[in-house]
Amino acid sequence: MNGPSLTSAAGPVSGLARRRRIAARTRLDFWFDLVLLLGFTLAYSYGFTGIAIHEWLGIGLGLALLIHLTLHWDWVIRTTRRLLNPRGPDKVIWIVNLALLFGMTLCVASGILISRVALPYLGIYPLAGPFWTRLHDLTAEVTLGLVPVHVALRWRWLVQVGRRLLTWRSAGRGR
Amino acid sequence: MAGPGRAQAADLAFGGAGPVKFLRHLGAVTLVVAVVVVLGLAWNHFGASTLVGGLQASFKQVPPGARPPGAVVLRPGAGGGGPHGPVVIRNGPMNLGLGSMLDPVNLAVLRHTVVIEAVVIAIVVMIDVSRRLWREERRARQLALSRPDDDEPDQ
C-alpha cells in the first residue's frame, strides 16, 4: 500500500503514514469482529441456516477464531503479564475471553467431531458420539452467553470506531 | 521508553517483520487451541459420563449390514473393530436444510438469537455505565472532602 519512500521520509510524513496504517489496522479489527459476530449469530441459529450451512460456517468460524486470536495475541500476552496487579483494569475481560476461548474451541472441535455433512463430504468420518453432541450443545449455549459479553465489554471502542468510520465515510462522500 | 520504542515496534510490525510476527503468533495460538482440544479429548476419555445424559437414544451402534432405512452413517465400520466392526448410525432421515433460510418461519430462530445477544449486550453496557458513573461520583465526593476550604471566600 505505502511505498518505502513514505516510511523512510522525514518525521511528519512518516508519522502520518504510521497513523494511516494504524487506522487501517483498527478498521480491519472493527470489520473482522463485526463479521465474526454476524457469523456466530448465523451459525448458532441452526434452525435458520440448516445443517450444511451451519457446519461449513462453523468450520469457517473456527479458522476466523484462530486469526482473531492471532491479531490480538499481543493483548493476550500483555494482559496475562499484568494479571498479578491487583487493580488490573482488564481482569474481567481476560477471564471472559479465557472462558470464551475454551467455549468456542470446544464448540468448534465437538462440532467437527459430530459433523454429518461437511467432513463426510470430504471423505472424513469423524468420531461421532453422545458425549460430543452434548458438549457441542453445552458449549454453544455458554458461547452464546459469552460472545455478547465479550462484545459489550468493548462497547466504548466499538462506538468510537463506528462513529469515526461513519464520519470518515460521510467526509469522503462530501469531497 | 514508551514513545520511540512503541513507534519502532509499530514500524517493525507493519514492515518486513510483520509476516514473521504474525506466523509466530499464529503458531502460539494454534498451540493454545490444541491444548484446549486435548483437554476436551481427555474429558471424553476419563469423564464422559459426567456430561452424557439422555442422548443415547439418537445414536446406535449396529452390526454391519443392519442399517434401518433413513439412518445416517456417522462412522463406517473401519474404526475400533476393524473393517467388520460396528457401524455408528444416527436414527432418522437427514435434511440438509439448504432452503431453510428462505423459509420465513425459520426467521424466528434467528430473531431469538439476536434478541438474546442484544439483551446481554444491553445489560453489560448498563452495568458498565452505572459503575463508571458511581466511580466518578465517588471521586468527586472525595475531591470535595479533601478540599473543604476552597469554597470559603478570601479575606
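Rules of the game
- Residues numbered from 1 in each chain as written.
- Chains lettered and ligands numbered in written order.
- Predicted model: local features only at pLDDT ≥ 70, side-chain atom pairs only at ≥ 80, totals over all residues.
- Helix = DSSP H or I, 4+ residues; strand = E, 2+ residues; numbered from the N terminus.
- Buried ≥ 20, exposed ≤ 12 C-beta atoms within 10 Å, placed from the backbone.
- Contact = placed C-beta atoms within 7 Å.
- Core = buried A, V, L, I, M, F, W, Y, C linked by C-beta atoms within 7 Å.
- Axes fitted to C-alpha atoms, helices over the stretch in contact; angles between N-to-C directions.
- Parallel < 35°, antiparallel > 145°, perpendicular 65-115°, else oblique.
- Left-handed = near helix turned anticlockwise from the far one by under 90°.
- Nonpolar A, V, L, I, M, F, W, Y, C, P; charged D, E, K, R; others polar.
- Expected span 1.5 Å × (residues − 1).
- pLDDT = per-residue confidence, 0-100.

Trainee: Can you walk me through the overall build of chain A in this structure?
Mentor: Each helix and strand in chain A was counted, giving nine helices and zero strands. Reading the secondary structure of chain A in the N-to-C direction produces α-α-α-α-α-α-α-α-α. The proportion of buried residues among the 175 residues of chain A is 29%. A separation of at least 24 residues holds for 61% of the contacts in chain A among residues at least 6 apart in sequence.

Trainee: Sorry, what's going on with the overall build of chain B here?
Mentor: Secondary structure assignment for chain B yields three helices and three strands. For chain B, the residues scored as buried account for 6% of the 155 residues in total. Within chain B, residue pairs in contact and separated by at least 24 positions form 26% of the contacts whose partners lie at least 6 positions apart.

Trainee: Explanation requested: the nonpolar core in the structure shown.
Mentor: In summary, soluble globular proteins display a tendency toward joint burial of nonpolar side chains. Residue and element names in this part refer to chain A. One finds L61, V108, L113 and W132 to be the most contacted residues of the largest nonpolar core, which totals 27 residues. Secondary-structure elements contributing two or more residues to this core are helix 2 (11-44), helix 4 (51-71), helix 6 (91-113) and helix 8 (130-152). Looking at this core element by element, the count peaks at eight residues for helix 8.

Trainee: How should I be thinking about the packing of helix 4 of chain A against helix 2 (residues 18-47) of chain B in this particular structure?
Mentor: Following both chains from N to C, one finds helix 4 of chain A and helix 2 of chain B inclined at 120°, their axes separated by 9 Å at the closest point. By the angle between their axes, helix 4 of chain A is oblique relative to helix 2 of chain B. As for the relative orientation of helix 4 of chain A and helix 2 of chain B, their crossing is right-handed in sense. Contacts from L66, L69 and T70 of chain A of helix 4 of chain A reach helix 2 of chain B at F22, H25, L26, V29, T30 and V33 of chain B. Partitioning the contact of helix 4 of chain A with helix 2 of chain B into residue classes produces six nonpolar, three polar and no charged.

Trainee: What exactly am I supposed to notice about the packing of helix 6 of chain A against helix 2 of chain B here?
Mentor: It is the contact of helix 6 of chain A with helix 2 of chain B, at a shortest axis distance of 9 Å, that shows an interaxial angle of 65°. Classed by the angle they form, the pair helix 6 of chain A and helix 2 of chain B counts as roughly perpendicular. For helix 6 of chain A against helix 2 of chain B, the interelement crossing comes out right-handed. Between helix 6 of chain A, through L101, F102, T105, L106, A109 and S110 of chain A, and helix 2 of chain B, the contact on the second element is made entirely by V33, V36, V37 and G40 of chain B. Residue classes in the contact of helix 6 of chain A with helix 2 of chain B are distributed as seven nonpolar, three polar and no charged.

Trainee: I would appreciate a short explanation of the environment of A52 of chain A in the present structure.
Mentor: Residues and elements named next belong to chain A. Secondary-structure assignment places A52 in helix 4. For A52, a count of 18 C-beta atoms within 10 Å puts it in the partly exposed group. Residues A52 and S115, spaced 63 residues apart in sequence, show a C-alpha to C-alpha distance of 9.4 Å.

Trainee: In this structure, what is going on with helix 6 of chain A? I would like to understand it.
Mentor: Owing to its 3.6 residues per turn, the α-helix brings residues three or four apart onto one side. With 23 residues, helix 6 of chain A extends 33 Å from end C-alpha to end C-alpha; this agrees with the ideal 33 Å at 1.5 Å per step. Among the residues of helix 6 of chain A, N97, G103, M104, T105, L106, C107, V108, A109, S110, G111, I112 and L113 of chain A are the ones counted as buried. Buried residues in helix 6 of chain A make contact with helix 4, helix 7 (118-121) and helix 8 of chain A together with helix 2 of chain B.

Trainee: Help me understand the confidence of the model for chain A in this model?
Mentor: A low pLDDT score tells you not to read the predicted coordinates there in detail. Residues with a pLDDT of 70 or more make up 81% of chain A, whose mean pLDDT is 83. With pLDDT under 50 throughout, residues 1-13 of chain A is counted as low confidence; its partners more than four residues away or in other chains account for nine contacts.

Trainee: Quick question: what am I supposed to make of the confidence of the model for chain B here?
Mentor: All names here are of chain B. The predicted model of chain B has a mean per-residue pLDDT of 72, with 55% of residues at 70 or higher. Taken together, the stretch residues 1-15 has pLDDT below 50 and engages in eight contacts with residues farther than four places along the chain or on a different chain. Among the prediction metrics, the complex's ipTM stands at 0.80, with pTM recorded as 0.73.

Trainee: Help me out: how do you make sense of helix 3 (residues 107-146) of chain B in this one?
Mentor: End to end, helix 3 of chain B covers 58 Å across 40 residues, agreeing with the expected 58 Å (1.5 Å per residue, within 8%). In terms of burial, helix 3 of chain B is a largely surface element, two of the 40 residues being buried.

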